[in-house]
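Geometric and topological summary
Spelled out, the chains give:
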Amino acid sequence: MTAPTVRGYFTADEVRAAEAELFKRVADGVPMRRAAHGLAQVVAAELRERTGGVAGRAVTLLVGSGDNGGDALWAGSMLRRRGVAVSAVLLSPERAHAKGLAALRRTGGRIRTDLGEPDLVVDGIVGISGRGALRPQAAELVAAVEVPIIAADLPSGVDPNTGAVDGPAVRADVTVAFGAYKPVHALAAPRCGRIELVPIGLTLPEPNLAALEPVSIGAAWPVPDAPDDKYSQGVVGICAGSARYPGAAVLSTGGAVAATSGMVRYAGTGAAEVLAHFPEVIAAQSVSETGRVQAWVFGPGAGTDDAARQRFSEILATDLPVVVDADGLTMLADDPSPVTGRRAPVVLTPHAGEFTRLTGREPGPDRVAAVRELAEQWQVTVLLKGRATLVASPGGPVYVNEAGGSWAATAGSGDVLSGILGALLATGRDPSWAAPAAARAHSLAANLAAHAHGPAPAPISASPLLNHIRPAIQTLRAMAHPT
């Protein structure tokens, strides 16, 4: 498999280092002018889209100190040349960017102390150096805004590296990212709205936080070729479900079937329910009777009694990749040693509560650091579920999948994800690719299910999600192989 195509997200320190290198290559003021030009272009396009025109429309800039405010002021001067009525509210007048303020005044921009009656507001309050919630004056202004907000680089009041919000903060309709995507753009996407990237000439390092591009996932998703048979496409074993949770067996097995697995073998007490839904599955009562597989999924609804612990122990004793979810994670919270010393790949798929039980602490505001630390300490791949799902493998970047909605936040959805992931691992895919790829297909299937009955999305349950996994995979493949 060729190296995946990714979108990188860069911390404030990484961006500042890249900017320092850029300043040595270009004339003073050029990077800010590039950023401001891009911001002005996006504002003009939004005015045209929302109001039908540009000239004669009104824009208010919320301007803080420093370069972010300077970007907004320069953009305002460019909009004035296009006939926009631009006003600026200076939150720290004595510290406003001098050249940007002079440019706005030269072009006829106004300075005011209230919002006025704008068609759009530009948030230039703080940039990547900002920390913490909005200060009272800024918070009061933002709370009074009743029109769309376009954020310069990131929504003010949202942490650039973690996406954490500790108090009043901007919720933007559009965010214009300068030079690079930052973690906030993935980790706090609902606060950012639509994100537009404006290149300014930065030379960036290899990212430590990245997202697999959908086209890359579609190009690499395993599908049968001419010489393939049911064994060569990957055989996955599912050990899930119990008398109390028989549906978990159906959902996890169904996820594996829908993810184009060559064969799915089931081991456990839910064979009757599984076969009633998926007669193509090969079912057995025990792990030892299951037959040859190339990866295992253990845990969804499996229980934590002695019989379940014995099945888990048998699976971990193999030299095969294993996905551990739900009740399997509960067992590892008591004793992680069965996986921390294991040589074959292990993928843990906790939600926040399970993560807390595994580690003894909540993921906290810096979820990226938390998931990376667990992956390194236990030497496993960790998929931390959430609207922004994070995947960390030892020694590699953390991958993020921003779902674009919370439609997958429903009981049983994680069982489906475990089956998809197990099917990918059974084809020989590395966990560092398989986990974020499975998360992407899963979230896309949830969005398709939510919109299945019209343009207005509706809540879903896990069962209909199964019907949209293959359409989601087909959508990803169509991106890579357009007709």
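Refer to the structure presented above.
Residues numbered from 1 in each chain as written. Predicted model: local features only at pLDDT ≥ 70, side-chain atom pairs only at ≥ 80, totals over all residues. Heavy atoms only, no water.

1. A look at the overall build of the protein chain
- Scanning the protein chain from terminus to terminus reveals 19 helices and 18 strands.
- The C-alpha atoms of the protein chain give 25 Å as radius of gyration, which agrees with the globular expectation for 483 residues (23 Å, within 12%).
- Viewed in the frame of its principal axes, the protein chain has a C-alpha envelope of about 80 × 45 × 40 Å.
- Buried residues in the protein chain amount to 56% of all 483 residues. (Helix = DSSP H or I, 4+ residues; strand = E, 2+ residues; numbered from the N terminus. Rg over C-alpha atoms; globule rule 2.2 N^0.38 Å. Buried < 20%, exposed > 50% of the residue type's maximum accessible area, 1.4 Å probe, protein only.)

2. Thoughts on the pairing of strand β5 (residues 120-124)
- Among the five residues of β5, five are classified as buried, and the element is accordingly described as predominantly covered.
- Burial along β5 is two-sided: the face carrying Leu120, Val122 and Gly124 and the face carrying Val121 and Asp123 are both buried.
- Note: strand β2 (residues 58-63) against β5, five bridges, orientation parallel. Following the sheet pairing, Leu62 is matched in β5 by Asp123.
- As defined by bridge partners, β5 adjoins strand β6 (residues 149-152) across three bridges and the pair is classed as parallel. What sits directly across from Asp123, in β6, is Ala151.
- Crossover β5 to β6 through helix α5 (residues 136-144) is right-handed. (Pairing = 2+ DSSP bridges. Right-handed = clockwise from strand over helix to strand, strands pointing away.)

3. Remarks on the side chain of Thr260
- Relative to the assigned elements, Thr260 resides in the loop between α9 (246-258) and β11 (263-267).
- At a separation of 3.4 Å, a polar atom in the side chain of Thr260 contacts the main-chain carbonyl oxygen of Pro222.
- Not counting chain neighbours up to four residues away, the residues in contact with Thr260 comprise Trp221, Pro222, Gln233 and Arg470. (Polar contact = N/O pair within 3.5 Å; in protein donor to acceptor, adjacent residues only side chain to side chain. Contact = heavy atoms within 4.5 Å.)

4. Description of the packing of helix α12 (residues 327-334) against helix α14 (residues 352-359)
- The N-to-C vectors of α12 and α14 enclose an angle of 25 degrees; their axes lie 8 Å apart at closest approach. Relative to α14, the element α12 is oriented roughly parallel. Contacts between α12 and α14 involve Leu329, Thr330, Leu332 and Ala333 from the former and Glu354, Arg357 and Leu358 from the latter.
- Considered class by class, the residues forming the contact of α12 with α14 number four nonpolar, one polar and two charged. (Axes fitted to C-alpha atoms, helices over the stretch in contact; angles between N-to-C directions. Parallel < 35°, antiparallel > 145°, perpendicular 65-115°, else oblique. Nonpolar A, V, L, I, M, F, W, Y, C, P; charged D, E, K, R; others polar.)

5. Looking at helix α17 (residues 431-450)
- The terminal C-alpha atoms of α17 lie 28 Å apart, and with 20 residues this matches the ideal 28 Å at 1.5 Å per residue to within 8%.
- Counting buried residues along α17, 17 of its 20 residues qualify, which places the element largely inside the surrounding structure. (Expected span 1.5 Å × (residues − 1).)

6. Quick look at the sheet that holds strand β14 (residues 322-324)
- The sheet built from 11 strands is open, its strands ordered β1-β9-β18-β17-β16-β15-β14-β13-β10-β11-β12 with mixed pairing. At either margin of the open sheet sits one strand with a lone partner, and together these are β1 (6-9) and β12 (282-284). When the angles between neighbouring strand axes are averaged without regard to direction, this sheet yields 20 degrees.
- With four bridges connecting them, strand β10 (residues 235-239) and β11 associate as parallel partners. By the bridge assignment, Gly237 is partnered in β11 with Arg265.

7. Some remarks on the pattern of salt bridges
- Scanning the model with the defined rule gives 13 salt bridges in all.
- Ionic pairing is found between Asp114 and Arg112, a salt bridge with its closest N-O pair at 2.8 Å.
- For Asp325, the salt bridge goes to Lys385, with nearest N and O atoms at 3.2 Å. Remark: Lys385 occurs in the loop between β16 (381-384) and β17 (388-392) and Asp325 occurs in the loop between β14 and α12; sequence separation between them is 60 residues. Taken individually, Asp325 and Lys385 each receive the classification buried, so the pair is uniform in this respect.
- Salt bridges sharing partners connect three or more residues here, namely Glu46, Arg50, Arg194 and Glu196. (Salt bridge = Lys/Arg side-chain N within 4 Å of Asp/Glu carboxyl O.)

8. Remarks on the nonpolar core
- If you look at the biggest cluster of nonpolar residues, it comprises 55 residues, and the most contacted ones within it are Trp221, Ile238, Leu421, Trp433 and Ile469.
- In this structure, Val15, Val54, Leu104 and Cys192 belong to the second largest nonpolar core, which totals 51 residues. (Core = buried A, V, L, I, M, F, W, Y, C linked by side-chain atoms within 4.5 Å.)

9. Notes on unusual backbone geometry
- Here Ala326, not a glycine, exhibits a phi torsion of approximately 50 degrees, which is positive.
- Mapped onto the fold, Ala326 is located in the loop between β14 and α12.
- Residue Ala326 is classed as buried on the basis of its relative accessible area of 17%.
- Even without being glycine, Gln379 reaches a positive phi, approximately 55 degrees.

10. Things to note about the sheet that holds strand β3 (residues 85-90)
- Taking strand neighbours across the sheet as the criterion, the seven strands line up as β4-β3-β2-β5-β6-β7-β8 in an open arrangement whose pairing is parallel. Among the strands making up the open sheet, the edge pair consists of β4 (110-112) and β8 (194-198). When the angles between neighbouring strand axes are averaged without regard to direction, this sheet yields 25 degrees.

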